[in-house]
Amino acid sequence: MLSRLQELRKEEETLLRLKAALHDQLNRLKTLVHVDNEASINQTALELSMRSRGPEEEEEEEEEEESDP
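As annotated in an unreviewed UniProt entry, the protein chain is Small nuclear RNA activating complex polypeptide 5 from Ailuropoda melanoleuca.

This is the structure in structure tokens:
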């Protein structure tokens with residue numbers, strides 16, 4: 001009976017360590033997802049800003065070329 005109780009306590013300790021390790025890993029993954037989402041949002045904003053500036057800059061260059069003699 002005593003040995004069975006000791007086995008159960010060891011198993012409980014193992015399961016508690018596993019629970020803590022999984023909890024830590026889950027928190028790290030949540031942080032990584034947040035960083036990935038933020039990077040994705042920043043990349044999208046960069047692409048949008050580049051698109052919005054592109055045609056205007058081309059028009060300005062064409063106007064400058066036309067005004068040159």
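Back to the write-up after that little detour.
Before going further, it helps to spend a moment on the overall build of the protein chain. Looking only at helices and strands, one finds 1 helix and 0 strands in the protein chain. The proportion of buried residues among the 69 residues of the protein chain is 0%. Counting every atom, the protein chain has about 6,800 Å² of accessible surface; 55% of that belongs to carbon and sulfur.

Here the idea is simple: oppositely charged side chains can pair when their charged atoms come close. Scanning the entire structure with this criterion turns up 1 salt bridge. When the shortest N-O distance is used, the salt bridge between Glu7 and Arg4 registers 3.7 Å. With Glu7 and Arg4 both in helix 1 (residues 2-67) and 3 residues apart, the pair spans about one turn of that helix.

How each quantity is defined
- Residues numbered from 1 in each chain as written.
- Predicted model: local features only at pLDDT ≥ 70, side-chain atom pairs only at ≥ 80, totals over all residues.
- Heavy atoms only, no water.
- Helix = DSSP H or I, 4+ residues; strand = E, 2+ residues; numbered from the N terminus.
- Buried < 20%, exposed > 50% of the residue type's maximum accessible area, 1.4 Å probe, protein only.
- Areas by Shrake-Rupley, 256 points an atom, 1.4 Å probe, with all protein chains shown as cover.
- Salt bridge = Lys/Arg side-chain N within 4 Å of Asp/Glu carboxyl O.

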